[in-house]
Amino acid sequence: MISEFLSYGFVQRGLLAGSLAAAICAILGVFLVLKRLSLIGDGLSHVCLTGVAAALLLGASPVYVSIPVVMVSSVGILKLAEKFRIYGDAAIGIVSAAGLAVGLFITALAGGFNTDLLGYLFGSILTVGWDEAVLCAVLLAILLFFLTFFYRDLVSASFDAPFAHTRGINVQAMDLTLTLITSAAVVLTFKVVGIFLISALLIIPPVAALMLARTFKQVLVWAVVLAVLAVWAGVFLSFLFDIPSGATIILVNLAFLAAAYAWNRLRSRYAR
């Protein structure tokens, strides 16, 4: 049954794009969690609704319309926090509310929710096209390039931004680059788990990895492994039991988080 399932082209595309998107979100999520910006994924995912609704109204590609919209919004979050001197979560909340309100307004103009929009809201991984899989591969390559050449600076800025600034590291440039890559990742992930669940992919695998790993590099590896395994397990379970794939992927991630917590508690107990 599984071999037959894997023989379908749309399944192969979905698993490939889902694995790439999960790896991207896991790596980004580690840094976002450490910088206490993990909820930026939730805020930007709400902005995705504006891009998707506008694209469906105009008859354009939701991915290509949403990427610039979400990128501009991510820059807006940073500027709000900087210019108005408010906390990052407050800036995220403002942009999130604005994105959701505008998206709902455009949806009303378009005549309400339809099947296509619901697929973006709740995920439809098996409808992912090859072009979206290629975009995920390109974004992962960009992220790995950025991580390879600026690893130490990025780690320093994530753990202690003021200290990193005193060392001459351009923390603002690091935050901007990380936020822009996150924007693209959020857009490319909304078909995998849905707009309303994107933030879970950015938060749950990194948190579980932090419980399992002993070094920072191990955190990155564990986060990617757990995220990719959750996508594969979620897709197979959704096929076997005929349940939504997006929600199933997140539930598998939560199961991994619970297992990581139990293992961490057990390890701590025997280490005493």
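What you are looking at is a predicted structure, and each value in this text was computed from that prediction instead of being measured.

Concerning the overall build of the protein
The number of helices and strands found in the protein is 13 helices and zero strands. Tracing the protein from N to C terminus, the helices and strands come up as α-α-α-α-α-α-α-α-α-α-α-α-α. Across the 272 residues of the protein, 49% fall into the buried class. Partitioning the intrachain contacts of the protein with sequence separation of at least 6 by distance along the chain shows that 75% fall at a separation of at least 24.

A closer look at helix α2 (residues 9-34)
Taking 1.5 Å of rise per residue, the 26 residues of α2 would be expected to cover 38 Å, and the 38 Å separating its terminal C-alpha atoms lies within 8% of that figure. When you tally the buried positions in α2, you get 20 out of 26 residues, the bulk of the element. Downstream of α2 by a residue or two, Arg36 has a phi angle that is positive, lying close to 60 degrees.

Remarks on the pattern of salt bridges
If you walk through the whole model with that rule in mind, you get one salt bridge. Between Lys35 and Asp175 there is a salt bridge whose closest N-O contact spans 2.8 Å. Pair noted here: Lys35 is in the loop between α2 and α3 (40-58) and Asp175 is in helix α10 (residues 171-189), with a separation of 140 residues, a long-range link. As far as burial versus exposure is concerned, Lys35 and Asp175 are alike and both buried.

A short note on a nonpolar patch on the surface
Side chains of Leu237, Phe239, Leu240, Phe241 and Ile243 sit close together on the surface and give an oily, nonpolar patch of about 450 Å² of accessible area. With respect to the element layout, Leu240 can be found in helix α12 (residues 216-241).

Some words on the environment of Thr248
Along the chain, the position of Thr248 falls in helix α13 (residues 245-271). A sequence separation of 12 residues divides Thr248 from Phe236, and the C-alpha atoms of the two residues are 9.4 Å apart. Non-local contacts of Thr248, meaning those with residues more than four positions away in its chain, are made with Gly234, Leu237, Ser238 and Ile243.

Let's talk about the side chain of Ser183
Mapped onto the secondary structure, Ser183 falls in helix α10. At a separation of 2.9 Å, a polar atom in the side chain of Ser183 contacts the main-chain carbonyl oxygen of Thr179. In this structure Ser183 touches Leu44, Val70, Met71 and Ser74, once residues within four positions along its chain are discounted.

A short note on α10
Here α10 spans 26 Å end to end across 19 residues, near enough to the 27 Å set by a 1.5 Å rise per residue. The buried fraction of α10 amounts to 14 of the 19 residues, a majority that puts the element mostly inside the structure.

Observations regarding the nonpolar core
The tendency in soluble globular proteins is for nonpolar side chains to be buried side by side. Of all hydrophobic cores here, the largest spans 69 residues; its most connected members are Leu28, Phe31, Phe190 and Ile249. Sort the elements by how many residues they give to this core and α2 lands first, with 13 residues. Apart from the residues lying within four places of it in its own chain, the contact partners of Ile249 are Ile125, Val192, Val193, Leu201, Ala230, Val231, Gly234 and Val235. Listed in part, the five residues of the second largest apolar core include Ala208, Leu212, Leu226 and Ala260.

Concerning unusual backbone geometry
Despite not being glycine, Asp242 shows a phi value in the positive range, around 55 degrees. Looking at where Asp242 falls in the secondary structure, it is placed in the loop between α12 and α13. When its relative accessible area of 72% is taken as the criterion, Asp242 is described as exposed.

Structural notes on the confidence of the model for the protein
Looking at the protein as a whole, its pLDDT mean stands at 83, while 89% of the residues score no less than 70. Highest mean pLDDT in the protein belongs to α12 (91); lowest belongs to helix α6 (residues 115-122) (65).

A few points about the packing of aromatic side chains
The full count for this structure, using the stated rule, is six aromatic pairs. Between the aromatic rings of Phe159 and Phe216, the centroid separation amounts to 5.7 Å while the plane-to-plane angle is 65 degrees, which identifies the pairing as edge-to-face. Of this pair, Phe159 sits in helix α8 (residues 151-159) while Phe216 sits in helix α12, and the two are 57 residues apart along the sequence. Its relative accessible area of 15% is what places Phe216 among the buried residues. What links up through ring pairs into an aromatic cluster is the set Phe31, Tyr151, Phe159 and Phe216.

About the thresholds
- Residues numbered from 1 in each chain as written.
- Predicted model: local features only at pLDDT ≥ 70, side-chain atom pairs only at ≥ 80, totals over all residues.
- Heavy atoms only, no water.
- Helix = DSSP H or I, 4+ residues; strand = E, 2+ residues; numbered from the N terminus.
- Buried < 20%, exposed > 50% of the residue type's maximum accessible area, 1.4 Å probe, protein only.
- Contact = heavy atoms within 4.5 Å.
- Expected span 1.5 Å × (residues − 1).
- Salt bridge = Lys/Arg side-chain N within 4 Å of Asp/Glu carboxyl O.
- Patch = residues over 30% accessible without salt bridge, like charges linked within 9 Å, V, L, I, M, F, W, Y side chains within 5 Å.
- Areas by Shrake-Rupley, 256 points an atom, 1.4 Å probe, with all protein chains shown as cover.
- Polar contact = N/O pair within 3.5 Å; in protein donor to acceptor, adjacent residues only side chain to side chain.
- Core = buried A, V, L, I, M, F, W, Y, C linked by side-chain atoms within 4.5 Å.
- pLDDT = per-residue confidence, 0-100.
- Phe/Tyr/Trp six-rings, centres within 6.5 Å; stacked < 30°, edge-to-face > 60°.

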